[in-house]
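Listed below are the residues making up each chain.
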Amino acid sequence: MRPSENLLADCGSCFGLCCVALPFAKSSDFAIDKAAGQPCPHLEQDSRCGIHSSLRERGFPGCTVYDCFGAGQKVSQSTFGGRDWRQQPSNSSQMFAVFPIMRDLHELLWYLADARERTSTAPLHNRLDHQYAELETLTSATPEILVSVPVPALRSRVNELLLEASELVRAEVKGKKNYRGRDMIGAKLAGADLRGASLRGAYLIGADLRGADLRLADMVGADLRGADVRGADLSGSIYATQFQINATRGDLATMLPDSLIRPSHWGERSAQ
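Residues numbered from 1 in each chain as written. Predicted model: local features only at pLDDT ≥ 70, side-chain atom pairs only at ≥ 80, totals over all residues. Heavy atoms only, no water.

A. Expanded view of the overall build of the protein. In terms of helices and strands, the protein carries 7 helices and 0 strands. Order of helices (α) and strands (β) in the protein, N terminus to C terminus: α-α-α-α-α-α-α. Compactness check: the protein gives a C-alpha radius of gyration of 19 Å against a globular reference of 19 Å for 272 residues, within 12% of the reference. By principal-axis analysis of the C-alpha atoms, the protein measures approximately 55 × 45 × 25 Å. For the protein, contacts bridging at least 24 residues in sequence account for 45% of all contacts bridging at least 6. When the accessible surface of the protein is summed, it comes to about 12,900 Å², and 51% of that surface belongs to carbon and sulfur atoms. (Helix = DSSP H or I, 4+ residues; strand = E, 2+ residues; numbered from the N terminus. Rg over C-alpha atoms; globule rule 2.2 N^0.38 Å. Contact = heavy atoms within 4.5 Å. Areas by Shrake-Rupley, 256 points an atom, 1.4 Å probe, with all protein chains shown as cover.)

B. Local environment of the packing of helix α3 (residues 92-117) against helix α4 (residues 125-138). Between α3 and α4, the least distance of the axes is 10 Å, while the angle of their chain directions is 155°. In terms of axis orientation, α3 runs roughly antiparallel to α4. For the pair α3 and α4, the crossing hand works out as left-handed. Of the residues in α4, those in contact with L105, L108, L109, L112, A113, A115 and R116 of α3 are H125, L128, D129, Q131, Y132, L135, E136 and L138. For the contact of α3 with α4, the residue count by class is 10 nonpolar, 2 polar and 3 charged. (Axes fitted to C-alpha atoms, helices over the stretch in contact; angles between N-to-C directions. Parallel < 35°, antiparallel > 145°, perpendicular 65-115°, else oblique. Left-handed = near helix turned anticlockwise from the far one by under 90°. Nonpolar A, V, L, I, M, F, W, Y, C, P; charged D, E, K, R; others polar.)

C. Structural context of the packing of aromatic side chains. Evaluation of the coordinates by the stated rule reveals 6 aromatic pairs. Here the aromatic rings of F24 and F30 are separated by 4.3 Å at their centres, their planes lie at 10°, and the arrangement is stacked. Pairwise contacts between aromatic rings join F24, F30 and F60 into one cluster. Seen from the ring of F24, K34 lies directly overhead, with NZ or CZ sitting 5.5 Å from the centre. (Phe/Tyr/Trp six-rings, centres within 6.5 Å; stacked < 30°, edge-to-face > 60°. Lys NZ or Arg CZ within 6 Å of the ring centre and 35° of its normal.)

D. Geometry of the packing of α4 against helix α6 (residues 151-170). Close contact between α4 and α6 brings their axes to 11 Å; oriented N to C, the two are set at 150°. Taken together, α4 and α6 sit at an angle that is classed as roughly antiparallel. Every pair of crossing elements has a handedness; the one defined by α4 and α6 is left-handed. Mapping the contact onto sequence places R127, L128, Q131, E134, L135 and L138 in α4 and L154, R157, V158, L161 and E164 in α6. Considered class by class, the residues forming the contact of α4 with α6 number 6 nonpolar, 1 polar and 4 charged.

E. Quick peek at the pattern of salt bridges. What the rule picks out here adds up to 18 salt bridges. Between R157 and E134 there is a salt bridge, with the nearest N and O atoms lying 3.2 Å from each other. Within this pair, whereas R157 is found in helix α6, its partner E134 is found in helix α4, the two being separated by 23 residues in sequence. The partly exposed category is assigned to R157, whose relative accessible area is 40%. Residue class for E134 comes out partly exposed when judged on its relative accessible area of 34%. A salt bridge links D228 to R249, with the shortest nitrogen-to-oxygen separation between them at 3.6 Å. (Salt bridge = Lys/Arg side-chain N within 4 Å of Asp/Glu carboxyl O. Buried < 20%, exposed > 50% of the residue type's maximum accessible area, 1.4 Å probe, protein only.)

F. Representation of the state of the cysteines in the model. If you walk through the whole model with that rule in mind, you get 0 disulfides. Sulfur of C14: no disulfide; nearest cysteine sulfur belongs to C68 and is 6.2 Å away. C14 gets classed as buried once you look at its relative accessible area, which sits at 13%. (Disulfide = S-S within 2.5 Å.)

G. Looking closely at the nonpolar core. With 73 residues, the main nonpolar core has L17, L199, L204 and L209 as its most contacted residues. For this core, the secondary structure elements donating two or more residues are α2 (71-79), α3, α4 and α6. The element that contributes the greatest number of residues to this core is α3, accounting for 14 residues. If near-sequence neighbours (up to four positions away) are discounted, L17 is found in contact with L22, G72, V75, S76, W85, M95, F96 and F99. Within the second largest apolar cluster, 6 residues are counted, among which are F30, C40, I51 and F60. (Core = buried A, V, L, I, M, F, W, Y, C linked by side-chain atoms within 4.5 Å.)

H. The arrangement of the confidence of the model for the protein in detail. Residues with a pLDDT of 70 or more make up 97% of the protein, whose mean pLDDT is 94. Averaged pLDDT values for the elements of the protein fall to 92 in helix α1 (residues 61-65) and rise to 98 in helix α5 (residues 143-146). (pLDDT = per-residue confidence, 0-100.)

The following block contains the structure:
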């Protein structure tokens, strides 16, 4: 199965939950401090961003990177039946508590769908289908049930299955590298052969990955903020997300998995 449209953010069907429920601190990613549950001052009454077209220029690149995996519209339109937190303030605290949990569930669904799509994971397809169906059912639960979901334990259980799938997908690559959890901040990896590498949880902030071959690499939790992926080949990489790709610097020569889109802020010039 490919990641469904339900796992793609539809901001027009959301009540601006990421702009309200989540906190952020003044930094290179955000121009101001904002507490959880406090609406961003740029959030308009129609739940649109008042500075959407100039977020990066105004000091909010973090907003352009964020992706909710479709959790925003799920919570807004399904869990709370289209009842805006502005119109029913009594729902607001519960809605804001449910949102990050729903995002975690949708992220896990994204990974499971990616694993299930691979022919090499055929021995695990029944288990992947079962786990996907179980989580999908959970996303339709009541707010009261959702706020009590033990997310860390659930992630741990699902991750065991995702690891099995990853091993099957990457088995065809001989001599693959293991950089799991490695501090690779600013690493010089231009043109590197990273096929089938485990980059799980690796810190690749600001890394030079121009022209690198990342096909079949396991990308779960890899921190790619500011990484230069111009001309890199991420097609076929496993568990890559829009959230990660949005944080990188790429170009028209960067190759992505079919499930991801090219960020609008990427340049057109190819890697040198």
